[in-house]
Amino acid sequence: MESKTSKGQMSWWQLSLLGVGCTLGTGFFLGTSMAIAKSGPAVLIPFILAAIGTYIVYDALVNMSVANPDKGSFRTYAKQAFGNWAGFSNGWVYLISELLIMGSQLMALGIFTRFWFPSIPLWMTASGFGALGLLIILTGMKGFEKFQNVFGAMKAAAVVMFIVVAAILVIKGMNSGPTQVDVILANFQGFFSEGVKGVWLGLLYAFFAFGGIEVMGLLVIDLKDPQQAPKAGKVMIVILTTIYVIALACALALVHWASFTIDESPFITALANFNIPFVADIITGILIIAGFSTMVASLYAVVTILTALAEDHDAPAVLAKKGKMKVPLPAFLFLTGGLIITITIGFLIPEKIFEYLITAAGLMLIYNWLFILVTYAKLMTLTKWQHVKNIVGMLLIAVTVSGTLGEKTSRLGFYISLLFIVIIALATLFVMKKRSNNRSV
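Here's a quick rundown of the structure. Each chain carries its own residue numbering, running from 1 in the written order of its sequence. With pLDDT at 70 or above as the cut-off, local features in this predicted model cover only qualifying residues; side-chain atom pairs require 80 or more to be listed or tallied, and sums for whole chains, interfaces and linings still use all residues. Working from all heavy atoms in the structure, the side-chain values ignore hydrogens and water.

## Examining the overall build of the chain
At step 1: Secondary structure follows DSSP: runs of H or I at least 4 residues long count as helices, runs of E at least 2 residues long count as strands, and numbering of each begins at the N terminus. Looking only at helices and strands, one finds 18 helices and zero strands in the chain.
At step 2: Our radius of gyration looks at C-alpha atoms and nothing else; its globule reference is 2.2 Å times the residue count to the power 0.38. Its C-alpha atoms give the chain a radius of gyration of 22 Å, near enough to 22 Å, the size a compact globule of 441 residues would have.
At step 3: Projected onto the principal axes, the alpha-carbon positions of the chain cover approximately 85 × 55 × 45 Å.
At step 4: Under the scheme applied here, a residue whose accessible area is under 20% of the maximum for its type counts as buried, over 50% as exposed, and between as partly exposed, the area being computed with a 1.4 Å probe on protein chains only. Taken across its 441 residues, the chain has 58% of its residues classed as buried.
At step 5: Two residues qualify as a contact provided that any one of their heavy atoms is within 4.5 Å of a heavy atom in the partner residue. Within the chain, counting contacts between residues at least 6 apart in sequence, those at least 24 apart form 83% of the total.
At step 6: When the accessible surface of the chain is split by element, carbon and sulfur atoms take 71% of a total near 18500 Å².
At step 7: His is not counted, nor are the chain ends, whereas Lys and Arg count as positive and Asp and Glu as negative. For this purpose, a charge sits on NZ of Lys, CZ of Arg, CG of Asp or CD of Glu. Computing the positive centroid from 29 side-chain charges and the negative centroid from 19, the chain places the two 9 Å apart. Note on areas: these come from Shrake-Rupley sampling with a 1.4 Å probe, and a residue is covered only by the protein chains present in the view.

Encoded structure:
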């Protein structure tokens, strides 16, 4: 993407809206079913803890961004703190995780679209959404910003609409008979039915719902006044946390928590028994909008990090070569190839294996968050309170990652994420050694 280090155009509230647009996606609209399955009604606790962890990571990232605005963001700061190896490895960990997540979003979009067009092959719809996403990236920063603002507002409005409808149904149900009261009492009495372990296992899926805040770090250089970046993040996280917690509480007020399934959005499940016309169509449309906008955010992040890697010679320098387009053409072609490969992998390998890959990709994002906190402690002079916040953030992430060992699917995803880390570590050693040899010649 083109850099605007010298003359950013965004106001802080526009960055907040962009943050909502980049973050509010299928991780919340669909992934919360997994969190409910693990935690039961206590799912509200993992979401509040994840919000705290997300804020701590964002605060650390944005403080570094304000002190030194750079489009390489966390990758550049890791390099400044620990050397070339940290910048190289951080960039590639993030790049690979985002490419895998893009593949999962495209597959999800294809599956959602089948609700309306069951006869169209999945690969065709996934490819169509991928092509649309690439076209938006070609419009540059302004096109990306306008798109995310519109879709972010639509997604937030959809959640607010669900909250209003659910509140009306709950009030109406409580006035008409004991059934609704029984549901609320059952969920309240069984709040800790899955125990502390349930909260522990649900943390991973709650953090996934906040995935995307690192994109805001990449956008700080586009602010008119970078000093207002912390305010933008606080507003964004408060908005997201509020609508997440209230929407989940409303869903749990409508049906017993055991009624939710991991294969269906909890908001479809919550409204299914109330015979509201077109509810499934409306929520399917929301899911498609949510998945598509978060996929576009990932595309933007990949191009930005890839360009920064190439400019620092941590990727082939040709990838940063600029022409008349608003996006470096070689980087754009790399992104297109990456999309094609991830779509192909998703349709060729067994479904469970791809699920493990996506879990691994999500974990790699969280590893990056942990490294952001480590970098922050190394690079900046922190107050005692900032040190305490940093340690709390690290502990929350460590507890979240350890929770993946509590069940088979996420445990295998954890092992695959470690395999990716080992491969990137070996590549880092090879590249660093090669550079060292070249300098000594």
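This is not the end of the story, as more comes after the structure.
## So, the packing of helix α6 (residues 84-113) against helix α7 (residues 122-138)
Geometrically, a packed helix pair is captured by the angle between its two axes and the distance between the axes.
At step 1: Where α6 contacts α7, the two axes come as close as 8 Å, and the packing angle between them is 120 degrees. For the element pair α6 / α7, the angle class is oblique. In the packing of α6 onto α7, the handedness of the crossing is right-handed. Contacts between α6 and α7 involve L106, L109, G110, I111 and T113 from the former and L122, T125, A126, F129 and G130 from the latter.
At step 2: Looking at the contact of α6 with α7, its residues break down into six nonpolar, four polar and no charged. Axis definition: a line fitted to C-alpha atoms, limited for helices to the stretch in contact. Angles are taken between N-to-C directions and run from 0 to 180 degrees. Here the word oblique covers every angle except those under 35 degrees (roughly parallel), over 145 (roughly antiparallel) and from 65 to 115 (roughly perpendicular). In a left-handed crossing the near helix is turned counterclockwise from the far helix by less than a right angle, and in a right-handed crossing that turn is clockwise. Residues were grouped as follows: Ala, Val, Leu, Ile, Met, Phe, Trp, Tyr, Cys and Pro as nonpolar; Asp, Glu, Lys and Arg as charged; and all remaining residues, including Gly, as polar.

## Brief notes about the packing of aromatic side chains
At step 1: Stacked, edge-to-face and tilted are the three classes for Phe, Tyr and Trp ring pairs, Trp counted by its six-membered ring, which pair at centre distances within 6.5 Å; planes under 30 degrees apart are stacked, over 60 edge-to-face, the rest tilted. The final tally for this structure, using the stated rule, is 13 aromatic pairs.
At step 2: Ring centres 5.6 Å apart and planes at 65 degrees place the aromatic pair F82 and F371 in the edge-to-face group. A residue pair is termed long-range when its members are at least 10 positions apart, and F82 in helix α5 (residues 73-82) and F371 in helix α16 (residues 351-379) qualify at 289 residues.
At step 3: The interplanar angle of 55 degrees and the centroid separation of 5.8 Å between the aromatic rings of F414 and Y415 together place this pair among those described as tilted.
At step 4: Ring pairing ties together the aromatic residues F47, F210 and Y244, which thus form one cluster.

## Looking at the nonpolar core
At step 1: By nonpolar core is meant a set of buried Ala, Val, Leu, Ile, Met, Phe, Trp, Tyr and Cys residues that side-chain atoms within 4.5 Å join together. Judged by nonpolar contacts, the single largest core of 142 residues is most densely connected at F28 and F47.
At step 2: At 20 residues, helix α14 (residues 279-311) tops the list of elements feeding residues into this core.
At step 3: Not counting the four nearest positions on each side in its chain, F47 is found in contact with F28, T32, A35, A206, A209, F210, Y244 and L248.

## Quick look at the environment of D222
At step 1: Relative to the helices and strands, D222 is located in the loop between α11 (213-219) and α12 (229-254).
At step 2: Sequence spacing of D222 and M325 is 103 residues, and the spatial spacing of their C-alpha atoms is 19 Å.

## Examining the environment of G285
At step 1: Structurally, the position occupied by G285 is in helix α14.
At step 2: Here the alpha-carbon distance between G285 and F112, two residues 173 residues apart in the chain, equals 8.3 Å.

## Topic: helix α1 (residues 12-23)
At step 1: For α1, which comprises twelve residues, the first-to-last C-alpha distance of 16 Å matches the rise-based estimate of 16 Å (1.5 Å per residue) to within 8%.
At step 2: The element α1 is extensively covered by neighbouring structure, given that nine of its twelve residues are classed as buried.
At step 3: Listed as buried for α1 are Q14, L15, S16, L18, G19, V20, G21, C22 and T23. For a helix, the expected span equals 1.5 Å multiplied by the residue count minus one.

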